[in-house]
Amino acid sequence: MRISNEDMLRETDLPFDKAPPYRIKAVEYSIPTTREKRKEIMQEYGYSGRLLPAKYVFINMVTDSGTGALSDRQWSAMMEGDESYFNCRSYEIFEETCQAFTKMPYIIPSHQGRSAEAPIYEIFVKPGDKVPSNTHFTTTSTWAFQRGAEPVDLICPDYLDEENYSWFKGNMNLEKFEDYFIEYAEKIPLVELVVPNNLNGGQAVSMENIKNVRAIIDKYNKIDTQLYLDIARISENAWIIKSHEPGYKDKSCLGIVNEMLSYADGCHMSAKKGGLVNMGGFIALRNKIFWQRMHPKVIRTDGFITYGGLAGRDLESLAVGLIEGVNDYYLQDRQRQVDYFANACQKRGIHILEPASCFAVYINAGKCLPHLDHTQGPATCLSAQAYIEGGFASTAMDSLQRGRIDANNPQDSSKRIKAPYELIRCAIPRRTYYEPHYDWAAECLFRAIEWGDKLPAFKPIVDDRPPLELSEIGLHTFFDDYEPVSPLP
Ligand SMILES: *Cc1c(COP(=O)(O)O)cnc(C)c1O
């Protein structure tokens, strides 16, 4: 018999604020390397965490997407996966769990976040529309472009203020949102709130902000505008609300997630993040007609509406992982791990974006390497050098990696959208690393920074790839490549 969800939340005096509430059953190896070898690898594979063969990465913080460890409960549930094509038994437990998590009646499984976004954009968004957000994830902005609409990011001023250390810098800019909504109400079929705000330093969104976005929509709504939450890491955002927003200290994280979603018409989740699965996602919504309108879109690309591109065992794994991922003891420990790594960096004088988020630590590479300006890829450089120092991989998110303003002249790196900060995202895989790993990762960054102005600028590489269409422009970061102007030390 598996330990039940209720058992996992029993009252305790065990030190879950200091040690994980689980122990380890399977471990994973990578191929050991030397500094010499890592330098070779970096050069061969284009100086980017995204291009490195994972087998040569010692500590991998390129992404937290699908990279966590499964539990014994998930593995045992997977053996019970029902692989019938139509209406498999595994769908029932999946549906029930998603309903309990979202308190929404209508569920559609999907194989990951972006395939859940597809039918939503297809039924709600048309050419000429506008889709405001606190900052779209890459794929939702691309879906908006794909539909001939405009994704609009309304970043809150707290995030843009480097000295502001408040807890909810991922919020929608309410003032701008209200003005924008009043002006374009007839052209806004959909509003997206990303919780937490992945592309803006992973910063959390407050309950109050969600409530106020809802209130503004209700007040000025002209065309039944839908509020959807992009909830890849909603459970981790709930932990920040529980810890820092007045009135939530004694609530369970599941209760907080339920309340966050109570203000939305629907949501879509990449469960590869907070859902603790390697692959999977879902849509949940309140309106039956919209749900039915989504069905043919799902069948066209992903398969029948009770599996949405997932195997029966994936549905089982997700049903278990979603609830493990919102367990308060687990979330307390997860935040402790993120904070531990943030501290390990700060102890070494490495500039991080504060506060550390609930799933990643963002290194302020612009401040760490002040001799490189935003056209010279300070984060691209620091991330590459940190790998050479000690096999630590991360994701550069600096201006160099952003959209080209001039599509015809991709080599001109001054013609790029300037990012608010030149960041490296160190995304922390779930249930995966120990404290010494975090210390070593910080050490790699520290040793890289110590090279100071010996670290070279980066520039885009001329390649013969066909230029991206405007509708795909949000994806350019996966296709542009860079190289240093002189060798890395
Ligand atoms: C990862 C992510 C997505 C897309 O999910 P995939 O599973 O990668 O397709 C959407 N929104 C947010 C906020 C994400 O982090």
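An account of the accompanying structure is given in this report.

So, how was this worked out
- Residues numbered from 1 in each chain as written.
- Predicted model: local features only at pLDDT ≥ 70, side-chain atom pairs only at ≥ 80, totals over all residues.
- Heavy atoms only, no water.
- Salt bridge = Lys/Arg side-chain N within 4 Å of Asp/Glu carboxyl O.
- Helix = DSSP H or I, 4+ residues; strand = E, 2+ residues; numbered from the N terminus.
- Buried < 20%, exposed > 50% of the residue type's maximum accessible area, 1.4 Å probe, protein only.
- Phe/Tyr/Trp six-rings, centres within 6.5 Å; stacked < 30°, edge-to-face > 60°.
- Lys NZ or Arg CZ within 6 Å of the ring centre and 35° of its normal.
- Near = heavy atom within 4 Å.
- Polar contact = N/O pair within 3.5 Å; in protein donor to acceptor, adjacent residues only side chain to side chain.
- Areas by Shrake-Rupley, 256 points an atom, 1.4 Å probe, with all protein chains shown as cover.
- Nonpolar A, V, L, I, M, F, W, Y, C, P; charged D, E, K, R; others polar.
- Contact = heavy atoms within 4.5 Å.
- Axes fitted to C-alpha atoms, helices over the stretch in contact; angles between N-to-C directions.
- Parallel < 35°, antiparallel > 145°, perpendicular 65-115°, else oblique.
- Left-handed = near helix turned anticlockwise from the far one by under 90°.
- Arc of directions from axis to C-beta.
- Core = buried A, V, L, I, M, F, W, Y, C linked by side-chain atoms within 4.5 Å.
- Patch = residues over 30% accessible without salt bridge, like charges linked within 9 Å, V, L, I, M, F, W, Y side chains within 5 Å.
- Pairing = 2+ DSSP bridges.

**What about the pattern of salt bridges?**
Reasoning step 1: If you walk through the whole model with that rule in mind, you get 26 salt bridges.
Reasoning step 2: A salt bridge links lysine 367 to glutamate 162, with the nearest nitrogen and oxygen atoms 3.1 Å apart. Linking lysine 367 in helix H14 (residues 365–368) with glutamate 162 in the loop between helix H6 (157–160) and helix H7 (174–184), this pair joins segments that are 205 residues apart in sequence.
Reasoning step 3: Exposure remark for lysine 367: the relative accessible area of 38% places this residue in the partly exposed category.
Reasoning step 4: Look at glutamate 162 and you get partly exposed, because its relative accessible area is 34%.
Reasoning step 5: Between glutamate 324 and arginine 431 there is a salt bridge, and its shortest N-O distance comes to 2.7 Å. Taken together, the residues span a long stretch of sequence, with glutamate 324 in helix H12 (residues 312–324) and arginine 431 in the loop between strand E12 (423–427) and helix H16 (435–449) at a distance of 107 residues.
Reasoning step 6: We classify arginine 431 as buried; its relative accessible area is 13%.
Reasoning step 7: In this structure, a network of salt bridges that share partners links the residues Asp64, Arg233, Glu236, Arg334 and Arg430.

**Some words on the environment of glutamate 183**
Reasoning step 1: Looking at where glutamate 183 falls in the secondary structure, it is placed in helix H7.
Reasoning step 2: Looking at glutamate 183, the relative accessible area reads 57%, which means it is exposed.
Reasoning step 3: Separated by 37 residues in the primary sequence, glutamate 183 and tyrosine 220 place their C-alpha atoms 9.7 Å from one another.

**Concerning the packing of aromatic side chains**
Reasoning step 1: Tallying each qualifying case throughout the model produces 18 aromatic pairs.
Reasoning step 2: Ring geometry for tyrosine 340 versus tyrosine 438: centroids 6.4 Å apart, planes at 50 degrees, classification tilted. In this pair, tyrosine 340 sits in helix H13 (residues 328–347) while tyrosine 438 sits in helix H16, placing the two residues 98 residues apart along the sequence.
Reasoning step 3: Exposure remark for tyrosine 438: the relative accessible area of 0% places this residue in the buried category.
Reasoning step 4: The cationic tip of arginine 233 hangs over the ring face of phenylalanine 359; the distance from NZ or CZ to the ring centre is 4.0 Å.

**What to know about the site of the ligand**
Reasoning step 1: Close to the ligand lie 14 residues; Gln112, Gly113, Arg114, Ser270 and Lys273 are nearest.
Reasoning step 2: For the ligand, an oxygen atom lies 2.8 Å from a polar atom in the backbone of glycine 113.
Reasoning step 3: Asparagine 198 is positioned such that a nitrogen or oxygen atom in its side chain is 3.1 Å from an oxygen atom of the ligand.
Reasoning step 4: Summarising the interface, the protein chains cover 96% of the accessible area of the ligand, which totals 380 Å² for the free molecule.
Reasoning step 5: The element contributing the most residues to the shell around the ligand is helix H4 (residues 113–124), with three residues.
Reasoning step 6: Looking at the shell around the ligand, its residues break down into three nonpolar, five polar and six charged.

**Comments concerning helix H10 (residues 253–262)**
The α-helix advances 3.6 residues per turn, and as a result positions three or four apart in sequence lie on the same side.
Reasoning step 1: Burial in H10 covers these residues: Cys253, Ile256, Val257, Asn258, Met260 and Leu261.
Reasoning step 2: In the core, the buried residues of H10 are packed alongside helix H3 (89–102), helix H8 (207–220), strand E6 (226–230), helix H9 (234–244), strand E7 (266–270) and H13.

**Observations concerning the packing of H4 against helix H11 (residues 288–301)**
Reasoning step 1: Relative to each other, H4 and H11 sit at 120 degrees, their axes nearing to 9 Å. In terms of orientation, H4 lies oblique with respect to H11. Between H4 and H11 the crossing geometry is right-handed. Counted together, Pro119, Ile120, Glu122, Ile123 and Phe124 of H4 and Phe290, Arg293, Met294, Lys297, Val298 and Arg300 of H11 form the full contact between these two elements.
Reasoning step 2: Residue composition of the contact of H4 with H11, by class: seven nonpolar, no polar and four charged.

**Quick notes on H7**
Reasoning step 1: Listed in full, the buried residues belonging to H7 are Phe177, Tyr180 and Phe181. Seen from one end, H7 has its buried residues packed into an arc of 100 degrees, which puts them on one side. Turned more than 90 degrees off the buried face of H7, the exposed positions are Glu175, Asp179 and Glu183.
Reasoning step 2: Looking at the buried positions of H7, the neighbouring elements they touch are strand E3 (130–133), strand E4 (150–153), strand E5 (190–194) and H8.
Reasoning step 3: The N-terminus of H7 is capped by asparagine 173, whose side-chain oxygen sits 3.4 Å from the backbone nitrogen of glutamate 175.

**Some thoughts on the environment of tyrosine 228**
Reasoning step 1: Here tyrosine 228 lies in strand E6.
Reasoning step 2: Residues tyrosine 228 and isoleucine 323, spaced 95 residues apart in sequence, show a C-alpha to C-alpha distance of 21 Å.

**Some thoughts on the nonpolar core**
Reasoning step 1: Phe101, Phe177, Val191, Leu229, Ile231, Met260 and Phe282 are the most contacted members of the largest nonpolar core, which has 66 residues in total.
Reasoning step 2: Leaving out residues up to four positions away in the same chain, methionine 260 has contacts with Val195, Met207, Ile210, Leu229, Ile234, Asn237, Ala238 and Ile241.
Reasoning step 3: Core analysis: the second largest hydrophobic core is formed by 50 residues, Met61, Ala356, Ala386 and Tyr387 among them.

**A few points about a nonpolar patch on the surface**
Reasoning step 1: Together, Ile24, Val27, Tyr29 and Tyr434 make up an exposed nonpolar region whose accessible area comes to about 520 Å².
Reasoning step 2: Among the structural elements, isoleucine 24 can be located in the segment before helix H1 (35–44).
Reasoning step 3: Judged by its relative accessible area of 46%, isoleucine 24 falls in the partly exposed class.

**Here we look at the sheet that holds E12**
Reasoning step 1: Read from one edge of the open sheet, three strands run E9-E12-E11, paired in antiparallel fashion. Every other strand in the sheet has two partners, leaving strand E9 (360–364) and strand E11 (395–397) as the edge strands with one partner each. In this sheet, adjacent strand axes meet at a mean angle of 30 degrees when their direction is disregarded.

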